[in-house]
Structure formats: structure tokens, C-alpha cells
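Reading the structure
One-letter residues, chain by chain:
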Amino acid sequence: MQEKALRAVVVGAGTMGTTLAKLMAVNGVKVTVVDTNPHVLETSRQRLATHAATTCFATDLKMTEVPDFVIESVTENVEVKQKVVAQIEASVNDATIIMTNTSGIPIDEIGSIMRVPQRFVGTHFFNPADIVPTVEVVPGSHTEVETVEKACGWLTQLGKRPAVLKTCVPGFVANRIQHAVMRECLSLLEKGVVEAEALDDIVQYSIGVRLALNGPLCQRDLNGLDTHLHIARYLYPDLDASQQPAALLEEYVAKGRLGAKVGLGFYRWSDESLARHQAHERSKLKRIIELAAQDSHGDEP
Ligand SMILES: NC(=O)c1ccc[n+]([C@@H]2O[C@H](COP(=O)([O-])OP(=O)(O)OC[C@H]3O[C@@H](n4cnc5c(N)ncnc54)[C@H](O)[C@@H]3O)[C@@H](O)[C@H]2O)c1
């Protein structure tokens, strides 16, 4: 007997919502995308191209059929997310799994207003969600084991690599690491140690290419933990440990220097240079992921 197609709703049709919808559509999930902004919905429809034909678009959460799961992917703001999660809960039944694509807001904080937080779980996808394999699966303190298992099952069905955290910490795993790296990068720029281009070149073609093949712990095993310890002993006192975002970052954002989307960040961007950069990014990412998946690590710890 043929299995019934999964039904999903993605709330928020921005950068992430659109690639989440694409992931669903490509894998035969019946998906509805909801966004309160009709212009964003129209852009999403265009970006989905041929997949738009099998995707439903709506500006409100009225459900004609109860979905198996709903993923909220709205603006990264706790009040907005709480409101959206409450609306989702009011429009589905108690069996529907509700997921949040927050980048790192604690799950209990978003779920604090929920009637049934047992069916609420963090599923942190990476951009573009239809290509990057890992999804951090983050249970809150009320999340049932069955919810985590169901979420992981669906993610695997969608071709993802679910990675379950044992406990929820702000920023989860990936953003804590990403921000630790960026804090040091910005500090090096502020101290005038290196120019932006040279810093990017060093990180991309040394640590970056290696990390695509080996996680940091596996990499350290290959290098030798004693060597790592010797370096850590003299280096840590000198690393940036600021408790506030870098002044350089505050200054750029205050001046409207927001990155490629406005034409200026660390680099200057034109419509052409941005289009050129993005043109090959998806296919290059797919090639790197294919290579990384061929890689074999040591025996299990
Ligand atoms: N951009 C990334 O690289 C990335 C990566 C991983 C996770 N995330 C997370 O994904 C989520 C979405 O991020 P994004 O980059 O797609 O943001 P975005 O700004 O591109 O999209 C957010 C969308 O939410 C919509 N929205 C706001 N309130 C709404 C409501 N009440 N109902 C329906 N829609 C509403 C907005 O109209 C907007 O289109 C955030 O939690 C973010 O932290 C982003």
C-alpha cells in the first residue's frame, strides 16, 4: 500500500521559509507556506519556480487539513515567535508536532505560552535549508521523547542529518561556535592585525577546507591533543573574551553597512558581483557536501 504523503506548514516565507518549502516540495511533502506579508509570499512563489505549482501559499493560518507538522520560521524575535506558536497551536490538533527554526533562542522561552509544550521541539536548519544536511534538533525541558523521535524520522526522510542536543543552551551548538570564531575575527580586525581579505583567505583555505572534511574534534585527534594543549595554555589568555558585540560591528550596523543586501559590509557589492557570487554557490555547496559524506572517521568513541 502506498504511504500517505506527509502534510506540512511552514510559517514565514523569508530566506529560510522558502528553502524549507523547497525541501518539502522536492521530497513529495504537501506543503503550505504562510506569511503575513503578501509581497514576501509572491517573492517566495517566484523563488520556488517549478515547485510553486505543488505548494500552497496563504497569508493566514486557517487550516483546511490538519498537517503532520508545522515549522515556524518567522523573524528571530521571542515575542513574535511566541505569538506565532500560540496561533499555530490554536489551529492544529494536539497530535501535530510544532517545530521552531530559531537560530538559538531557548526552546522553553518560545514554548512558555504553549498549552501542550510536549509536542514542541527546535529544528535548526542551515541556509539554504534544501541543501545543507545538518539540522540541530533541540528538545526543551517539556519536549517528549516521542516528539524528538518523530521529528528525527521526518528529517531523515527529507534526506537530512538530524543531530540531537542533550540539553538546550542559547545559540545551540553551531551558533555558539560560529560566534566564538567571529568574535575573534572582529577582534583581529579591530586590533589591525590583518585586513579583511587576508583574514578570509587564511580561514577559508586553512581551517575552512579542513573542517569540510573533519569535524574539529576529529581534526584535533589527527593533530595531537598534547600539541593542542600546549598552544591552548599560552594562547587563551590572549584571545578576545568580550561580553559585548565588537564596537566595529555596532558601528557598521549603525551606519547601515549591513552586508551584500545593501551593497556594503566588509566588502563592496554590486548587483552583478552578488549575482556572480551566488550563481555557483549552490552547486559548489552540493559538491563539497558530496565529498564530505565520502569521508570516513576513526572508530566510534
Ligand atoms: N537566514 C539564515 O541564514 C538563518 C539560518 C538558520 C535559521 N534562521 C532562522 O530562521 C528564522 C527566519 O529567518 P529568515 O532569515 O528566513 O528571516 P526573514 O526575515 O527572511 O523571514 C522572516 C519572515 O517571517 C515573516 N513573519 C513575521 N511575522 C509573521 C507572522 N506573525 N506570521 C507569519 N509570518 C511572519 C516575515 O514577513 C518574513 O517574511 C529565524 O528564526 C532565523 O533565526 C535563519
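Quantities reported herein were computed from a predicted structural model and do not represent experimental measurements.

1. Regarding the overall build of the protein chain
Counting its secondary structure elements, the protein chain contains 12 helices and eight strands. For the protein chain, the C-alpha radius of gyration of 21 Å lies close to 19 Å, the compact-globule estimate for 301 residues. Each principal axis of the C-alpha distribution contributes one length, and for the protein chain these read about 60 × 50 × 40 Å. Counting only residues that meet the buried cut, the protein chain has 36% of its 301 residues in that class. Contacts spanning at least 24 positions in sequence make up 64% of the contacts within the protein chain whose residues lie at least 6 apart. When the accessible surface of the protein chain is split by element, carbon and sulfur atoms take 56% of a total near 18500 Å². When the 30 positive and 37 negative side-chain charges of the protein chain are each reduced to one mean point, those points stand 4 Å apart.

2. Observations regarding a negative patch on the surface
Side chains of Glu-195, Glu-197, Asp-200 and Asp-201 sit close together on the surface and give a patch of like negative charge. By the secondary structure assignment, Asp-201 is in helix H7 (residues 196-211).

3. Thoughts on the domain arrangement of the protein chain
According to the domain assignment, the protein chain contains domain 1 (7-164) and domain 2 (176-294). Placing a centre on the C-alpha atoms of domain 1 and another on those of domain 2 gives a separation of 28 Å. Between domain 1 and domain 2, the contact holds six residues from the first and four residues from the second. Summing both sides of the interface, domain 1 and domain 2 together bury roughly 450 Å²; the carbon and sulfur share of this comes to 73%. Its largest share of buried area at the contact with domain 2, domain 1 owes to Pro-128, Ile-131 and Pro-133, together 72% of the area lost on that side.

4. Section: the pattern of salt bridges
Any two side chains of opposite charge can pair, given that their charged atoms come close. Taken as a whole and judged by the stated rule, the model has 11 salt bridges. When the shortest N-O distance is used, the salt bridge between Glu-65 and Arg-7 registers 2.8 Å. Separated by 58 residues along the polypeptide, Glu-65 in the loop between strand E3 (55-58) and strand E4 (69-72) and Arg-7 in strand E1 (residues 7-11) bring together distant segments of the chain. Accessibility expressed as a relative area gives 45% for Glu-65, which makes it partly exposed. What makes Arg-7 buried here is its relative accessible area of 19%. Between Lys-22 and Asp-130 there is a salt bridge, with the nearest N and O atoms lying 3.7 Å from each other. Placement of the pair is Lys-22 in helix H1 (residues 15-26) and Asp-130 in the loop between strand E6 (120-124) and strand E7 (134-139), with a sequence separation of 108 residues.

5. What to know about the nonpolar core
Soluble globular proteins: nonpolar side chains tend toward being buried together. Residues Met-24, Phe-69, Ile-71, Met-99, Val-121 and Phe-125 are the most contacted members of the largest nonpolar core, which totals 25 residues. Among the secondary structure elements, those contributing two or more residues to this core are E1, H1, E4, strand E5 (97-100), E7 and helix H5 (145-157). Here Ile-71 is in contact with Val-9, Val-10, Val-11, Leu-20, Met-24, Met-99, Asn-101, Thr-123 and Phe-125, once residues within four sequence places are set aside. In terms of nonpolar packing, the next biggest core, distinct from the first, is built from 20 residues, Leu-61, Val-85, Val-138 and Leu-165 among them.

6. Here we look at unusual backbone geometry
Cis geometry is adopted by the peptide bond preceding Pro-128, which originates at Asn-127 and carries an omega value of -5 degrees. Topologically, Pro-128 is positioned in the loop between E6 and E7. Located in the positive-phi region is Ala-49, a residue other than glycine, with phi close to 45 degrees. Mapped onto the fold, Ala-49 is located in the loop between helix H2 (38-48) and E3.

7. A closer look at the side chain of Glu-136
In this structure, Glu-136 sits in strand E7. There is no salt bridge for the buried Glu-136, and the closest opposite charge comes from Arg-176, which lies 9.1 Å off by N-O distance. Within the local environment of Glu-136, its side chain forms a polar contact with the backbone nitrogen of Val-173, the two atoms lying 2.8 Å apart. A polar contact of 2.9 Å, which involves the side chain of Glu-136, links it to the backbone nitrogen of Ala-174. With near-sequence residues (within four places) excluded, Glu-136 lies in contact with Gly-122, Thr-123, His-124, Phe-126, Ala-163, Leu-165, Phe-172, Val-173 and Ala-174.

Calculation notes
Residues numbered from 1 in each chain as written. Predicted model: local features only at pLDDT ≥ 70, side-chain atom pairs only at ≥ 80, totals over all residues. Heavy atoms only, no water. Helix = DSSP H or I, 4+ residues; strand = E, 2+ residues; numbered from the N terminus. Rg over C-alpha atoms; globule rule 2.2 N^0.38 Å. Buried < 20%, exposed > 50% of the residue type's maximum accessible area, 1.4 Å probe, protein only. Contact = heavy atoms within 4.5 Å. Areas by Shrake-Rupley, 256 points an atom, 1.4 Å probe, with all protein chains shown as cover. Lys, Arg positive; Asp, Glu negative; His and termini not counted. Charge placed at Lys NZ, Arg CZ, Asp CG, Glu CD. Patch = residues over 30% accessible without salt bridge, like charges linked within 9 Å, V, L, I, M, F, W, Y side chains within 5 Å. Salt bridge = Lys/Arg side-chain N within 4 Å of Asp/Glu carboxyl O. Domains from an automatic or database assignment. Buried area = accessible area lost by both parts, 1.4 Å probe. Core = buried A, V, L, I, M, F, W, Y, C linked by side-chain atoms within 4.5 Å. Polar contact = N/O pair within 3.5 Å; in protein donor to acceptor, adjacent residues only side chain to side chain.

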